[in-house]
Amino acid sequence: MVRLDKLNVQGICKKIGGVDILKDVTFSLRDKEIKIILGASGSGKTSILNTIAGIIKPDAGKILKKGMEITDLDVNRRNIGFLFQDLGLFYSMNVAENIAYGLRVRNLDLKEINRKVNDIARSFGIAEHLSKFPSQLSGGEKQLVSLARTLVTGPDLVLMDEPLSSLDSFLRNSLRWYIKDIPRKFDVSIIYVTHDLADAEILGDTIAILHEGRIIEDGKKEEILNHPKNTATARILGYNIYEKDGKTYAIHPSKVLIGGPTVAKVIYLERGIKNNYLVDTSFGKLYFFSDQEFNGQTGISLENSIELGA
Amino acid sequence: MSRKISLPLLYVAAYVVVVVLVPLILLFFYSLHASLSPLFLKILAASVEQSFLQGSISTVLSLGIGLFFGMLLILYDGKFKSIILSLLLITYVMPGIIMGLGIISIFGYSSRLWEIIYGNVVYNSPMIAVLAYSTGTSTNLGEIYSARVLGAGDSQVLWKFYFRNSLRGGLLGGILTFILSFEGFSLPLIIGGPSYSTMEVIIYEFKNIVPTFTQFPFSNASLPGILQVLILMVPLYIYLSIRGNSRRNDSGLPLPLKRYSSFALTGLLLFLAFVLTPLFAVFLKYPIWMINLPEIVRRLQLPFSSLLGNTLIFSFVSTFVAFMLSIIITVYRPSTRNQFLILIPLIFSPVTLALSYFLVYGGHVPTAILIILIFTVILIPLNIRMLTQAVDTIPNSETGSSRTLGDSPLSSFFRIQLPRVKWEITTILSLMFITVMGEFSSIVTVYSPSTETITVGIYRLLLLRDLKDTYGLTEIFLIVIFISSYIINRMGKSGSVGQA
Amino acid sequence: MIDPSNLTQIILAEGEMYQDVVKRKTSYTVFIVVGIVIVAAAMVYFVYPSIAPSQEPTLNILTYGSFFQYGANPNQTMEFIINNFEHWYHVKIKLEYGSGDLYEQVLQSRGSGYDIVIGLNNIDSYLAANSGLFYHFNVSNETHLNKTLYDFLQSSGTVIPYEFSPLTTDYNLSGPISKSVLENLSFADLANSSISKQYIVENPTSSINGEDFLLGQIAFYRGVLNQSWTSFWNDSKGIDVTQDWDSGFSLFESGSRQMFFSYATDPSYNAFFNYSAIGTTPFHYKGKAYAWLEVLGAGILNSSKNKDLAEKFINWLIGKNVQELIPLNEWMYPAYNGLPLPPQYSLNPPVSTIIPLNSYLNMSTAANNLSNWLLEWSSIES
């Protein structure tokens, strides 16, 4: 029996206001997978999510969910959850009503609705907030409400648009692990769009790199993060890029070793949690950080560089 | 892959065909049969000239006055602001016939053209002031303080920032003023007399007073109707092109020019006095205790209950139907390009609208239904505009969430959007109700004795030269309107006052 | 720190109840339904009269407000005319009173909503007959009707004349103008400003009397004088133009002006009710007396669903019983030949001595030119 992908996106193109926002976007998603779509601001990340959700219709291409084409299906019939960047909580309703919204729309019995709302509120630890209104909640609590609301209707796919971007780093750390557990506990796949590398490192099973409307790389997380294949990917991942002998190389700031053949002059040294160095070499300026001290005398080693394609 | 024709497009198409295309085509067809005697052409030419004349002069004067007082509105920063704004808008919803009577009670019939212009200015300069104020205050306060920090003085802030931004609102108001004064009806009809008739007045007269007695009796009325539609398409198109969405500015920064606030207040009070004088003049000249209702009823040969009942029923039904239709159109709204189509009924002036609907539906539906239909169509474009504006203040993510959670667009509107803009909706509904209560030009074109409303009654009393009773009925009506306006002021707490 | 291990299924303890956090909601459906019900009720209220199948058929009659109202006992008169008919034919009669020009009112609703129109003046009768909106039928009492009236209407078989009156200038003797001038009044006299300042006439665009004045004046100038008719209005700017007969008559009665264009029967009216005596005079020219005869007609609309009953009503209207009531209630002359007139009518100028101006202007000419004439009049009189 052929195991169908949870989601197949094939050749999606979209022009908005005469500008090509998405160009031939293709990728797929399996059961219980978290796929990170990584890209700079304006690269079209939100548009991909909007297309999959059905909020905008693509000019060309197909979207298939479990083998069924949903490209022309209405937004409210796709059973795809969406966590907006500003959460989209209903400010005129309290927490319980927010969570219950999707269940009411599905015309469930009131008793059943109450049961499900209570259950998910308890499992998210927000049961004591059920009668409060969104304006009375903290940032983290709002996130949990939003997650609860999305998951209570049992979607098979959840789209998340940089949901943690407005939170402080403590909350972000906590909630990342929370989200990590969701595919297993709720049997959903997640497409998570972000420009934050920490999200990619912790959350993702696979990563797709979006650059100027195109998916330029798509693959397993470790492979993408440690072995970028082209300049654009490397830039997005924060690598230093330099040319040597007519070839292009990339090296991650954490992989520059102190002590080596490459001559480097220290321009800036900033001490923080680690030592941050901006050095000048014959190939241009490089940034790296290290626990060790470097004063420009011993040179650096760029042996961990990766050769890039175009 | 095939795409089915989207349902919203079908709704819009049906709406445009029924509401706009069919009446327009019939109007055009009738106009082809106009009997073009030299006298008719002479009268037509004179009316076109008057329309342009009154339109242009009124616009220039209103712009000057409106922009100045719009700036004062920006400068004033006190607790009476919302009261002043709602008082200013009173003239906008005031029926034209009452404005005309107010002017006559002050000036008599001494200088007809300038009295008409005065009326137009009183009508439109508050609207321009409020529009200039609303685009002016969308100025980014961060920008202004940046300029201040760099050394900009008061006059520079005023001129380079506030005035420049208010200009857009003022310009929009100016175009609207031109359109409204061009198609002016009540003022030229009541004050002007035949020499100062605009095209709108001519259309009415050719339908009701001098129909040609041929196979197409209303063809001579249709010709100026079509002509006016064609002429007004130009300013309307310009208006729709430069109209955008002005955002409210809530950056939390304090207003920069507070020290001029009391000066601004003085100026605004003077402006209010100027604008509200015609209305007060009515009450001064014919005191309330002299109202003689039985006499009014006798002169009109109609029971007052019928007059009042018609007025209220027409207003309620048309407001309700227009609101429901506007919800459907707003919820299923098509792309911005197609929105222009929805607003096309604006090219019809009220009398032309009434005439064309009469031509299409006149013999087939009872007059009461015809009137309700006309009122509804008049209300819809404004309704859509205000509804869209109110709804757009809600973040997209809320609407998006409700849709992804499985709700249909219409249900999502009632569950999510409506509760969020309750105050705005109430304001819109009240405003619509009052506007249509005072509607005169369209109904006087098609009414029958059993469907007479208060405004028509006032006009008939005026024709019978019974001034005392004319003003008596006017005052009764004004009291009703003042009460409703006060209610709007109490209900309309949010900032949707004054957006074009 | 938010503990991910919280994300587990919660099993309720024995007997623990779920908190009722989500409650029934009143939706907006209630308000919308109420609104729709009110709208539907309003619609039915407006549409019902025209579509209601009633036990008794209803005859909707459009007529002027003063229909048989000027007699000594209007209620009694109306009872006789209306209630009797209702009783005999088991029909309900609904009178709708129009203002201004009845024909234009019919035109404005394309003839729908009425069965009968009573009170169309000369030109309106002609226009109505040729508009296609009225029903052609055979009148049973035709032989008794004054044939000349038919000729003046040019509407045989469609609009039936039921009464007429010459239109003359009423005057009262307590004013600056002398009796001799008044008794021999001519159109030319009104070029004299001291005379025209004492004259009241109705607006031809809003009153049928005014319209008839204009038609008579045009007939005279074209037919008798062979002159352009506009010169009259240019010369006589002092004339006061009122909206309708009612307001003109009030002005005349108040004494502010001495002359008022009205009906030749007004002297008999004043005498009957013991009001101050007035005289009335046709327009004189070279020893002859001219006046426009206002003829009023009644017709049945094609849209009527009760044509049979309507015919019967019109026959009733031109029958002897109702025609006898006309002189003392409508203060017009009946169309029925040979009926005796009340004694007060001797105060009016005898109809036989007046040359009808109608014979100088046929209706088709008038119809073709009327709108232009009204326009020209409006631009002169502004």
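Given the structure is predicted, the values throughout are model-derived calculations rather than measurements. (Residues numbered from 1 in each chain as written. Chains lettered and ligands numbered in written order. Predicted model: local features only at pLDDT ≥ 70, side-chain atom pairs only at ≥ 80, totals over all residues. Heavy atoms only, no water.)

Asks: Would you mind going over the interface of chain B and chain C with me for this structure?
Replies: Frequently, the measure chosen for interface size is the accessible area that the parts lose on association. Opposite the 43 residues of chain B that make contact, chain C presents 40 residues. In total, about 3,500 Å² of surface goes out of reach between chain B and chain C, with carbon and sulfur atoms giving 68% of it. Applying the counting rule to chain B against chain C returns 1 residue pair in polar contact (both at pLDDT 80 or more). Looking at the side of chain B that touches chain C, the elements that each hand over two or more residues are α2 (38–75), α9 (199–208), α13 (304–331), α15 (350–361), α16 (367–392) and α18 (409–420) of chain B. Of all the elements, α13 of chain B adds the most residues to the side of chain B that touches chain C, at 8 residues. When the residues that make up the side of chain B that touches chain C are grouped by side-chain class, the tally is 31 nonpolar, 9 polar and 3 charged. (Contact = heavy atoms within 4.5 Å. Buried area = accessible area lost by both parts, 1.4 Å probe. Polar contact = N/O pair within 3.5 Å; in protein donor to acceptor, adjacent residues only side chain to side chain. Helix = DSSP H or I, 4+ residues; strand = E, 2+ residues; numbered from the N terminus. Nonpolar A, V, L, I, M, F, W, Y, C, P; charged D, E, K, R; others polar.)

Asks: Honestly, the pattern of salt bridges in this entry has me stumped. Any pointers?
Replies: A full pass over the atoms with the stated rule returns 30 salt bridges over all chains. Of the charged contacts, one joins lysine 179 of chain C and glutamate 183 of chain C as a salt bridge, the two residues approaching to 3.6 Å between their closest N and O atoms. Of this pair, lysine 179 of chain C and glutamate 183 of chain C are both found in helix α6 (residues 179–183), 4 residues apart, which corresponds to roughly one turn of the helix. On the basis of relative accessible area, lysine 179 of chain C is assigned to the partly exposed category, the value being 47%. In this structure, glutamate 324 of chain C engages lysine 320 of chain C in a salt bridge whose closest nitrogen and oxygen atoms are separated by 4.0 Å. Using a relative accessible area of 43% as the deciding quantity, one classes lysine 320 of chain C as partly exposed. One salt-bridge network, held together by shared partners, links Arg172, Arg176, Asp196 and Asp199 of chain A. (Salt bridge = Lys/Arg side-chain N within 4 Å of Asp/Glu carboxyl O. Buried < 20%, exposed > 50% of the residue type's maximum accessible area, 1.4 Å probe, protein only.)

Asks: Help me understand the nonpolar core, please; the structure alone is not making it clear to me.
Replies: General note: in soluble globular proteins, nonpolar side chains tend to be found buried as a group. If you look at the biggest cluster of nonpolar residues, it comprises 260 residues, and the most contacted ones within it are Tyr199 and Phe313 of chain C. Formed jointly, this core draws a minimum of three residues from each of two domains, domain 1 (4–51) and domain 2 (165–294 + 347–381) of chain C. Beyond its immediate stretch of four places on either side in the chain, phenylalanine 313 of chain C contacts Leu59, Ile61, Ile81, Ile82, Phe85, Ile93, Ile116 and Ile118 of chain C. Counting residues in each nonpolar core, the second largest holds 49 residues, with Ile36, Leu103, Phe124 and Val158 of chain A among its members. (Core = buried A, V, L, I, M, F, W, Y, C linked by side-chain atoms within 4.5 Å. Domains from an automatic or database assignment.)

Asks: What is the right way to read the packing of helix α3 (residues 110–124) of chain A against helix α4 (residues 139–152) of chain A from this model?
Replies: A packed helix pair is summarised by two numbers, namely the angle formed by the two axes and the spacing between the axes. All names here are of chain A. The contact between α3 and α4 brings their axes to 10 Å, and the two run at 135°. Judged on the interaxial angle alone, α4 and α3 are oblique. Relative to α4, α3 is oriented so that their crossing is right-handed. Listed contacts from α4 to Lys116, Ile120 and Phe124 of α3 are Leu144, Leu147, Ala148, Leu151 and Val152. (Axes fitted to C-alpha atoms, helices over the stretch in contact; angles between N-to-C directions. Parallel < 35°, antiparallel > 145°, perpendicular 65-115°, else oblique. Left-handed = near helix turned anticlockwise from the far one by under 90°.)

Asks: Explain unusual backbone geometry here, please?
Replies: Most peptide bonds adopt trans geometry, and most residues besides glycine take a negative phi value. Residues and elements named next belong to chain A. The residue asparagine 107 is not glycine, and still its phi comes out positive at about 60°. With respect to the helices and strands, the residue asparagine 107 is situated in the loop between α2 (95–105) and α3. A residue is classified by how much of its surface remains accessible, and asparagine 107, at 67% relative accessible area, is exposed.

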